[in-house]
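Residues per chain, in single letters:
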Amino acid sequence: MDEDVPSQGQRVRSTVTAVRKSKGRGFQDNRSTREELYGTYEGLEGDGGTGPLKSVEGWVVFVSGVHEEASEEDLHDHFADCGDVKNIYLNLDRRTGFVKGYAMIEYAHQQEAQQAVNNLNGSDFMTQPVKVTWAFSSKPLRRIENRSRR
Amino acid sequence: MPGFTEDFYVRYYVGHTGKFGHEFLEFEFKPDGQLRYANNSNYKHDVMIRKETYVSQAVLEELERIVVDSEIMKEDDRNWPEPDKVGCQELEVRRNGEEISFATTKLGNLLQVQQSKDPEGLRIFYYLVQDLKCLVLSLIAAHFKIQPI
């Protein structure tokens with residue numbers, strides 16, 4: 001491995017100036033290893049718009065409010081109406097072993113994913129309403145402001 | 001359900017320096033949705049993975065829910081094992097004008113947590129970082145099709 005420690009690109013140290021309370025060893029000295037986040041990162045190019053961002057193999061929607069006893073099969077049944085489900089990510093709570101509460105569904109085509117966002121957002125899934133949105137965005141969500149907040 | 005906050009920031013690092021150099025995994029979420037992920041393992045293949053993307057508001061909200069539900073902000077790393085040769089973990093969270101920047105050693109198993117001086121607090125950290133890693137690895141895998149090391 002080449003000892004390539006890129007130095008360009010100052011990391012944003014703090015995006016909020018008005019911190020009222022700080023806790024932890026990280027504030028005591030400068031031993032933090034954070035410099036690893038310096039350097040050049042690879043991303044995927046969007047179409048220049050402000051909408052959702054295409055992933056390598058398709059379009060990913062993010063589902064929250066997922067019932068703790070949901071299975072991949074349940075999710076598949078719920079989301080297959082909008083198109084061919086290519087992949088499902090359903091993570092479990094590491095402590096309880098139940099579903100953590102979110103899932104990701106991958107479709108090959110934007111139209112299918114768009115339909116899931118349009119039709120299934122707010123739909124009932126195992127007695128709970130789920131929120132269905134895009135997982136990735138082609139633009140920052142907001143400008144990071146360096147102002148104090150009350 | 002906690003309210004969404006505009007200044008929400010999370011960073012996690014785990015790593016060590018050993019036979020294969022500096023091996024680590026690190027990620028951060030910025031308030032504008034930027035997710036950065038870096039993973040370096042020199043074992044067998046010399047690859048440094050650095051990926052970035054923007055996640056949607058819903059992903060940030062879910063992340064915030066997970067962090068808030070864990071109640072990690074109420075903890076303190078004062079009585080946790082210090083980072084050492086085995087490795088180092090760092091967790092930084094900013095939210096609502098409060099920030100934590102915790103550092104401890106790598107925790108291999110729950111027994112280590114239970115035998116520490118602050119088992120309740122360290123357990124919260126232990127499970128939270130696993131849940132966070134799990135979310136990030138899925139996001140990165142879904143977006144870039146990368147199988148993490």
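Residues numbered from 1 in each chain as written. Chains lettered and ligands numbered in written order. Predicted model: local features only at pLDDT ≥ 70, side-chain atom pairs only at ≥ 80, totals over all residues. Heavy atoms only, no water.

In plain terms, the rule: UniProt positions are given in the numbering used here, feature names are shortened, and annotations may be inferred rather than shown by experiment.
Chain B has the name Mago nashi in an unreviewed UniProt entry, where Apatococcus lobatus is given as its organism. Per UniProt, chain B carries the Subcellular location (unreviewed entry) text "Nucleus". Database annotation for chain B, UniProt heading Sequence similarities (unreviewed entry): "Belongs to the mago nashi family."

Per an unreviewed UniProt entry, chain A goes by the name RNA-binding protein 8A and belongs to Apatococcus lobatus. For the record of chain A, the UniProt heading Sequence similarities (unreviewed entry) holds the text "Belongs to the RBM8A family."

1. Overview of the sheet that holds strand 2 (residues 59-64) of chain A
Put simply, the test is: The criterion for strand pairing is that DSSP finds at least two bridges linking the strands in question. Only DSSP runs of H or I with at least four residues qualify as helices, and only runs of E with at least two residues qualify as strands; both kinds are numbered from the N terminus onward. Note on geometry: axes are C-alpha line fits, over the in-contact stretch for helices, and angles between N-to-C directions span 0 to 180 degrees. By definition in these notes, contact holds between two residues if any of their heavy atoms fall within 4.5 Å.
Reading across the sheet, the four strands line up as 3-4-2-7 (chain A) and stay open at both edges, with antiparallel pairing between neighbours. Two strands in the sheet have a free side with no partner beyond their single neighbour: strand 3 (85-92) and strand 7 (131-134) of chain A. Going across the sheet, the axis of each strand differs from the next one's by a mean of 20 degrees, ignoring polarity. Relative to strand 4 (residues 99-107) of chain A, strand 2 of chain A is paired through six bridges, and the arrangement is antiparallel. Of the residues in strand 4 of chain A, the one forming a bridge with A:S64 is A:Y102. Packing against the sheet, helix 1 (residues 72-79) of chain A makes contact with strand 2, strand 3, strand 4 and strand 7 of chain A, and its axis sits at approximately 140 degrees to strand 3 of chain A. Packing against the sheet, helix 3 (residues 119-144) of chain B makes contact with strand 2, strand 3 and strand 4 of chain A, and its axis sits at approximately 5 degrees to strand 4 of chain A.

2. A closer look at the pairing of strand 6 (residues 98-104) of chain B
Applied cut-off: When a residue's accessible area, from a 1.4 Å probe over protein chains only, is under 20% of the maximum for its type it is buried; when over 50% it is exposed; and in between it is partly exposed.
Within strand 6 of chain B, six of the seven residues are buried, which leaves the element mostly enclosed by the surrounding structure. Of the strand pairs in this sheet, strand 1 (residues 21-23) of chain A and strand 6 of chain B are connected by three bridges, and their pairing is parallel. Within strand 6 of chain B, the residue paired with A:K21 across the bridge is B:E98. As judged from the seven bridges shared by strand 5 (residues 88-95) of chain B and strand 6 of chain B, these two strands associate in the antiparallel manner. If you follow B:E92 over to strand 6 of chain B, its bridge partner there is B:S101. Where strand 5 of chain B hands over to strand 6 of chain B, the hairpin turn is made up of two residues, of which B:N96 adopts a positive phi near 55 degrees.

3. What to know about the UniProt feature "domain: RRM" (unreviewed entry) in chain A
Taking the UniProt record as the reference, the feature "domain: RRM" (unreviewed entry) is found at residues 59-137 of chain A. In the segment residues 59-137 of chain A, helix accounts for 24% and strand for 42%; the C-alpha atoms at its two ends are 11 Å apart.

4. Focus: the packing of aromatic side chains
Keep this limit in mind: Stacked, tilted and edge-to-face are the three classes assigned to paired rings of Phe, Tyr and Trp, where Trp is represented by its six-membered ring and a pair needs centres within 6.5 Å; plane angles under 30 degrees give stacked, over 60 edge-to-face, the rest tilted. For a ring to carry a charge above it, either NZ of a lysine or CZ of an arginine must fall within 6 Å of the ring centroid while also lying within 35 degrees of the normal to the ring plane.
Here the structure, examined in full by the defined rule, presents eight aromatic pairs over all chains. Plain terms: the ring middles of B:Y13 and B:F24 are 6.0 Å apart, the flat faces sit at 20 degrees to each other, and that makes the pair stacked. Of this pair, B:Y13 sits in strand 1 (residues 9-18) while B:F24 sits in strand 2 (residues 21-29); the two residues are eleven residues apart in sequence, bridging distant segments of the chain. The exposure class of B:Y13 is buried, given its relative accessible area of 2%. Measuring from ring centre to ring centre gives 5.1 Å for B:W80 and B:F125, while their planes differ by 55 degrees; the resulting arrangement is tilted. Here the residue B:W80 occupies a position in the loop between helix 1 (57-70) and strand 5, and B:F125 occupies one in helix 3, the gap between them amounting to 45 residues. Positioned above the aromatic ring of A:Y41 is the side chain of B:R36, whose terminal nitrogen or guanidinium carbon lies 4.3 Å from the ring centre.

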